[in-house]
Structure formats: C-alpha cells, structure tokens
Amino acid sequence: MKNFNGKVLFLDRSDINTDEIIPAKYLTEITKEALKPYLLEDLKMEGFAPDRDLKGVSVIVSRENFGCGSSREHAPWALEVNEINLVIAENFARIFRQNMFNCGMMAVPLSKERIDEAFSLFAGKETTVTTDFANSVFKFEGDGKSLEIPFEISDFDRSLVEAGGWVDYADRNY
Amino acid sequence: MGKTIAQKIFDAHRVDKPSGDINVIKLDAVFCHEITTPIAINDLKARGKNRVFDKVKIKAVIDHVTPSKDSKTAEQARIMREWARELDIKDFFDIGENGVCHALFPEKGYVRPGYTIIMGDSHTCTHGAFGAFAAGVGTTDLEVGILKGVCAFKSPETIKIELTGKPARGVFAKDIILHVVSILGVNGATDHVIEFTGPVISSLSMEERMTLCNMAIEAGGTSGICPPDSTTVDYLWPFISGEFPDKEAALAEYVKWTSDSDAAYSKVIKVDISDLEPVSTYGYKPDLVKKVSELEKTPLDQIYIGSCTNGRIEDLRAAAQVLKGRKLSPTVRGILAPATPGVYKAALNEGLIEIFMEAGFCVTNPTCGACLGMSNGVLAEGEVCASTTNRNFNGRMGKGGMVHLMSPATAAASGIAGFITDPRPYLAEGEA
Ligand code: SF4
C-alpha cells in the first residue's frame, strides 16, 4: 500500500483541472518519471509557485471539482512521482477520482464544513496529515493544534488501494 | 419502476458487483489513441501480459498529433503502430486514413445502440449520440479494458435534459450544448449520464447529436446519451443492412434502448430553446457562456474550425455558407482541420475547401492538433482564438492564450469581422 501521510499543500481554489495539474504539452512523455518537474506548472493561483510550494509535500487539500477536464492519467502520475498519493477535496471529477484509486492512490471527498475547518485551522501553516486507513480517519496536525476527521471510501476503492491498483485487482478477479 | 437507457445497458452488461453501487461491465468496444495508450501498452508488456481481450472490438487510431511533430510524438506513434501490427488489431488508422477519434469511429460504423464503450479520452461521451454508454477513462481503466474487456462504474444515475422549441436561425447544436453546460455548471453532472430528449433531439441529425453528447463531460457527465430512433438507423444503415431485413426491423431492435416512461431520473431539466441566440464562452471554464451580442467586438487573432465537437461535414457546410465569397479579416489567421479524411474528401467534392481557401484559410490534415495546444495552430501568449472545439481552459491552446468556444457559423463570421460577432447577418445575406 502507498504512503498517505505527510506534509500538506492547501490549494484554495475550485475546478483545478488536469491541464493545470499537467499541461498537454507533456503528454508526449512515455514514462511517469518524466512528468516529475512539471506538476501544477500551469496552475493559476495568486502566490503559488510550484518549485517552492511543492517541496516535501505528500498531501493536497483543495476545494470543489478537483481534477476536472481531460481524462489524462498523467495527472495522478505527476502527483505519484512527486510522492503525493492523497488528495482531499469537497468533490472530484469522476475520471480523476477513478484514476487515483486505479493507481492505488486516494482521492477522498469531505464535506464543505470539514474542508472549511481544515483551511481555517491550518492553511498557510506547516501542517501534516496522518491517515488511519483501517479506521478511516485523517489526523491533521500543525500550529500546535490537531483535528481528527473521519472519512468514507467504498469497499471497492478500499480493495483497489490494498491491491495496489485496478490492473492487479482485475487480473485477479476477471 | 421503469429504467433509463443507461440502466438497461448496465443490466445487459454487468459481470460483477464488487461492492455497493459499483458495477463491473463488459465492453463492446475499446477505442485507443496514441497519447493515452502507449503507457498502457508498455505497462502490459512489463507485466508480461501483452495481449488483447478481442482484436476486433479494439479500434485504434493515431490522431492527436499526426503526422508526428517531433521525436517524442514519433515514438508514441511508433509504439501504437508496432503494437497494432503485432497483436493484429484489425481496425487501426494511421497516416492517410486517420482522423479525430470521435469523428472517425462513428463514421466507420463502430458504434451501435446499447453498446458499452471506453476510451482513454474524456470526449468518448460523444458516442452516446447513438444510444450507447460511452465513457472517457484513464490509462489504467484503458489497460484493463484492453486486457480483460471490462470496466468498473458506479450505477448510472441520469439527468434528463428535455429540449423543446425550435432553434432560431443562426442557432446550432453547439449553441444548445453551451447553453445546457452553462445551466448545469462544470460539475453539475458529475457521476451522471446526461440523457438528451424531447422534440428538438428527434429533429437533430446524428452529427448534431454528437456535438451535444461531446460536451457532456464539460458538465462533468460520464456519458451523454440520445435515444436511438429512425435517424440513428438511417445513419447506421450502410453498416447494419446485412443484420436486418429492413430498417423497420433495425428500429424495432434499437428502440429497446429507450428509457421507460416511468424511469427514475435524479433531475429533469426542461429547456426551451426558442429564444436562444448564438452564444460563446468567455473566460477559462466552458460553463461561462454569454450571448454573442454581449461579447461583440472582442478582437481575435485566430479562428479554428475542427475537432471532435465541430469538425464534421455539416459543420464545414455551415461555416462555408458564411464564408462564401468573403475574406477573413487581415488581422485574423484561419485554420480549418477537417476531422476525418472522409470529411476532407466530401468537403473537396462539395467545393467547400475552395471556399475556405479563397477566404484565406490554411487547411490542415485531419488531427486534434491545436484543439489541445499540441500542434497546427498553438497560440502565443495573450492571443485570442474563436474556436469550434470544446475546452477553453487556461493554456489549453497554448500558454497564455484565450479560447472562445462557439459554433462553426459564429466562428466563421467572427473571422471575417476580426472580432466576435453574430453570424445571423452573414447567414441572412448569404445563400438564397
Ligand atoms: S479534437 Fe480535441 S477534444 Fe476532441 S479528441 Fe482531439 S484533442 Fe480531444
């Protein structure tokens, strides 16, 4: 199973699309590793600089409709090769969410209230998330505060994470 | 309780329900292109599973950047080509025969009502125009589709869009779908199928239905879907005439893929299109839509006619009707990319290519090219393009460029004017 713990990057915007996560010009790469330097290169957000802000990050927390647009799995891969295996947001575009679990990664929705709470307590501060996968709880810690947030994923998504992705799961079952 | 088309298709294809509302369904077709497939091919090889579940049900094309523009795209094409040869993929389209996937595959007759289709491309929803469940997926889903012929989806909930009224002159399928996307919002249909129904749909051609279904994903939809009818049968007849004694028999078979009158929808939205005017997007999201009259005089650097949304022959005819006997503004570059060789040939035969060239257009070969900012018309920083494509995201057609999405007629009129403008005056004085 992949690692779902570590430093958090807060992206305070909705509708972050896959062109912003990894621009189309890099779709000509045929290895995942080659995508590494370009993650979020085209993200238009005040004060965001990928080189500076992605350093050491393992978890992204964002708002609504994360990963909309193109079906490119290059978006989860660009995250994966940067060792970011967990995105938490209010909700996700279908294909992006599925791609994440298909790679054994997690895209986990939380209610608007919970996301608001995480932003107001921790955004802009050095924050980490620890994931208790078995009990479905995220623990946010930073700035001397801590917050536990339970989450829900389907049994199917859980088995994909455990199997390390959909190819292995499907190969075993169909 | 009755069922929707999508529910009926799932019931007929389900092979497993691994948990809750997840269905593993068997696939009638798996479409492949050279951007998202090579990594799946390489992964299958690395796993020692370089096989396909069915070499006829897999259809493959090199379409996004063709002819290759550099060593990297040449390598992607090479991987596809060698794989298709090695595994004997019967329907593989390369230089000379290739065109934009979602225009090419319907033209070849590969889609049928009731089919389940996946492709590693978000606009796969286009094929729902035939009454199929067609969904864009990522490379891992594609890889499993290639190997096993199955894919997992949540049980499909459906939003019904009931279209009534009569489109005014100058209003096309593109205007209708932009209007619908603006109503739903960019995530208004996430995890849903969008079913287009009502008298407007019955009156639309298959090409226009494809334009509608093509942009279902711009509202987050998994698939667009139109109920099959006699228009569907007429379009498919050259491909199915051997399977049925007559068109009535085909229709009787295909209308099985129609929603029951008591089917449950998660939402029903009635849209009267009678008052709709030509529209265009503004900004970086496809749900930001305004009447063209409100954007009038937005200066342009380029107009682009092509793509899986509006690169078909009817689109070229609509643009040519506006362009005939006119010239592009000297400040605007015009690019026409017919979506397939079939469209290109038809346009040549009908004299449309000449009209475009006389107007000052560059006519490229069929390819996605500029639609996703890869080749053949990438924008420079700060440039503005009126485009018949489907996405206006920041950077989509080139870093720092702005894309306004609109119908082919509006794009053509805007190219002549040099700024975004209403196509109706041009249509009115145009053809008799
Ligand atoms: S024409 Fe554009 S939207 Fe359509 S498949 Fe090609 S790149 Fe995608």
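Calculation rules
- Residues numbered from 1 in each chain as written.
- Chains lettered and ligands numbered in written order.
- Predicted model: local features only at pLDDT ≥ 70, side-chain atom pairs only at ≥ 80, totals over all residues.
- Heavy atoms only, no water.
- Buried < 20%, exposed > 50% of the residue type's maximum accessible area, 1.4 Å probe, protein only.
- Helix = DSSP H or I, 4+ residues; strand = E, 2+ residues; numbered from the N terminus.
- Pairing = 2+ DSSP bridges.
- 1 Å grid on protein atoms, 1.4 Å probe; cavity = no way out; pocket = protein on both sides within 12 Å on 5 of 7 lines; lining within 4 Å.
- Points joined across faces, edges and corners; volume = space filled by probe spheres on them.
- Nonpolar A, V, L, I, M, F, W, Y, C, P; charged D, E, K, R; others polar.
- Axes fitted to C-alpha atoms, helices over the stretch in contact; angles between N-to-C directions.
- Contact = heavy atoms within 4.5 Å.
- Buried area = accessible area lost by both parts, 1.4 Å probe.
- Salt bridge = Lys/Arg side-chain N within 4 Å of Asp/Glu carboxyl O.
- Domains from an automatic or database assignment.
- Polar contact = N/O pair within 3.5 Å; in protein donor to acceptor, adjacent residues only side chain to side chain.
- Core = buried A, V, L, I, M, F, W, Y, C linked by side-chain atoms within 4.5 Å.
- Disulfide = S-S within 2.5 Å.
- Phe/Tyr/Trp six-rings, centres within 6.5 Å; stacked < 30°, edge-to-face > 60°.
- Lys NZ or Arg CZ within 6 Å of the ring centre and 35° of its normal.

Asker: Can you explain the pairing of strand 16 (residues 333-337) of chain B? Please cite residues and give values.
Answerer: Residue and element names in this part refer to chain B. A large share of strand 16 lies buried, amounting to 4 of its 5 residues. Of the pairings in the sheet, the one linking strand 15 (residues 302-306) to strand 16 comprises 5 bridges and is parallel in character. Bridging across to strand 16, Gln 302 finds its partner in Arg 333.

Asker: So what's going on with the layout of surface pockets? Which residues, and what values?
Answerer: What the largest pocket holds in volume is close to 340 Å³. Along the walls of the largest pocket sit 26 residues, with A:Arg13, A:Asp15, A:Asn17, B:Tyr284 and B:Lys285 positioned nearest its centre. Tallying contributions element by element places helix 4 (residues 94-102) of chain A first for the lining of the largest pocket, with 3 residues. Counted by class, the lining of the largest pocket contains 9 nonpolar, 10 polar and 7 charged residues.

Asker: Could you give an account of the sheet that holds strand 3 (residues 86-89) of chain A, with specific residues and numbers?
Answerer: Residue and element names in this part refer to chain A. In spatial order, the strands read 4-3-2-1-5-6-7; together these 7 strands make up an open sheet with mixed pairing. Looking at which strands have only one partner, the edges of the open sheet turn out to be strand 4 (106-109) and strand 7 (145-150). Each strand of the sheet is rotated relative to its neighbour by a mean of 30°, with strand direction disregarded. Note: strand 3 against strand 4, 4 bridges, orientation parallel. Paired with Ile 88 across the strands is Val 108, a residue of strand 4. Set on the sheet, helix 5 (residues 112-122) makes contact with strand 1 (6-11), strand 2 (57-62), strand 3, strand 5 (127-132), strand 6 (137-142) and strand 7; between it and strand 7 the angle comes to about 165°.

Asker: Lay out the interface of chain B and chain A with the relevant residues and their values.
Answerer: By a frequent convention, interface size equals the accessible area lost on bringing the separate parts together. Chain B puts 50 residues into the contact, and the matching count from chain A is 41 residues. Taken together, the two surfaces of chain B and chain A that pack against each other cover about 3900 Å², and 56% of this comes from carbon and sulfur. Note that B:Arg396 is salt-bridged to A:Asp19, the shortest N-O span being 3.7 Å. If one sorts the elements of the side of chain B that touches chain A by residue count, helix 5 (residues 139-148) of chain B sits on top with 7 residues.

Asker: Can you lay out the domain arrangement of chain B for me, pointing to particular residues and giving the numbers?
Answerer: All names here are of chain B. Domain parsing of chain B yields domain 1 (5-270) and domain 2 (290-426). On a C-alpha basis, the centroid separation for the pair domain 1 and domain 2 is 25 Å. If you look at the interface, domain 1 gives 34 residues, while domain 2 gives 34 residues. For the pair domain 1 and domain 2, the interface holds 1 salt bridge. The residue Arg 391 makes a salt bridge to Glu 218 at a minimum N-O spacing of 3.1 Å. The tally of links from domain 1 across to domain 2 stands at 22 residue pairs in polar contact (both at pLDDT 80 or more). Where the side of domain 1 that touches domain 2 is concerned, the elements lending two or more residues are helix 4 (101-107), helix 6 (173-184) and helix 8 (206-214). With 5 residues, the single largest contributor to the side of domain 1 that touches domain 2 is helix 8. Across the side of domain 1 that touches domain 2, the residue classes tally to 11 nonpolar, 13 polar and 10 charged.

Asker: How would you sum up the pattern of salt bridges? Please name residues and give values.
Answerer: Counted according to the given criterion, the structure contains 45 salt bridges over all chains. Across the salt bridge formed by A:Asp157 and A:Arg97, the nearest N and O atoms sit 2.8 Å from each other. With A:Asp157 in helix 6 (residues 155-163) and A:Arg97 in helix 4, the pair connects residues that are 60 residues apart, well separated along the chain. Across the pair, A:Arg97 and A:Asp157 agree in class, each one buried. A salt bridge links A:Asp171 to B:Lys148; the nearest nitrogen and oxygen atoms lie 3.2 Å apart. Of the two residues, A:Asp171 sits in helix 7 (residues 166-173) while B:Lys148 sits in helix 5, which places them in two different chains. Under the relative-accessibility criterion, A:Asp171 is labelled partly exposed at 26%. Among the ionic contacts, a cluster of salt bridges with common partners joins A:Asp12, A:Arg63, A:Lys112 and A:Asp116.

Asker: Go over the nonpolar core, please, and point to the residues and values.
Answerer: Grouped together as the largest cluster of nonpolar side chains are 66 residues, with contacts concentrated most on A:Leu40, A:Met106, A:Phe140 and A:Trp166. Setting aside residues up to four positions removed in sequence, A:Trp166 forms contacts with A:Asn102, A:Phe156, A:Leu160, A:Asp171, A:Tyr174, B:Val24, B:Thr140, B:Asp141, B:Val144, B:Val150, B:Cys151 and B:Ala152.

Asker: Could you give an account of the sheet that holds strand 19 (residues 402-405) of chain B, with specific residues and numbers?
Answerer: All names here are of chain B. What the 5 strands build is an open sheet, ordered 17-16-15-18-19; its pairing is parallel. Edge strands, defined here as strands with exactly one partner in the open sheet, are strand 17 (361-363) and strand 19. Taken over all neighbouring pairs, the strand axes of this sheet differ in orientation by 20° on average, direction set aside. Pairing geometry for strand 15 and strand 18 (residues 384-387), over 3 bridges, is parallel. When the sheet's bridge partners are listed, Gln 302 is paired in strand 18 with Cys 385.

Asker: Quick rundown of the state of the cysteines? Include the residues and the values.
Answerer: Evaluated as defined, the whole model comprises 0 disulfides over all chains. A:Cys68 forms no disulfide, and the closest cysteine sulfur to it belongs to B:Cys125, at a distance of 14 Å. Classification of A:Cys68 by relative accessible area gives buried; the value is 9%. No disulfide involves B:Cys151; its sulfur sits 13 Å from that of B:Cys32, the nearest cysteine.

Asker: I'd like a rundown of the packing of aromatic side chains, residues and numbers included.
Answerer: Each aromatic ring pair is summarised here by two numbers: the centre-to-centre distance and the angle between the ring planes. One pass over the full model with this rule turns up 23 aromatic pairs over all chains. Ring geometry for A:Phe156 versus A:Tyr169: centroids 5.5 Å apart, planes at 85°, classification edge-to-face. Of the two residues, A:Phe156 is situated in helix 6 and A:Tyr169 in helix 7; the sequence distance between them amounts to 13 residues. Like A:Tyr169, A:Phe156 is buried. Chaining the aromatic ring pairs together yields one cluster made of A:Phe156, A:Trp166, A:Tyr169 and A:Tyr174. Lying over the aromatic face of A:Phe119, A:Arg63 brings its terminal NZ or CZ to 3.8 Å of the ring centre. When the ring centre of B:Tyr282 is taken as reference, the NZ or CZ atom of B:Lys290 above it lies at 4.5 Å.

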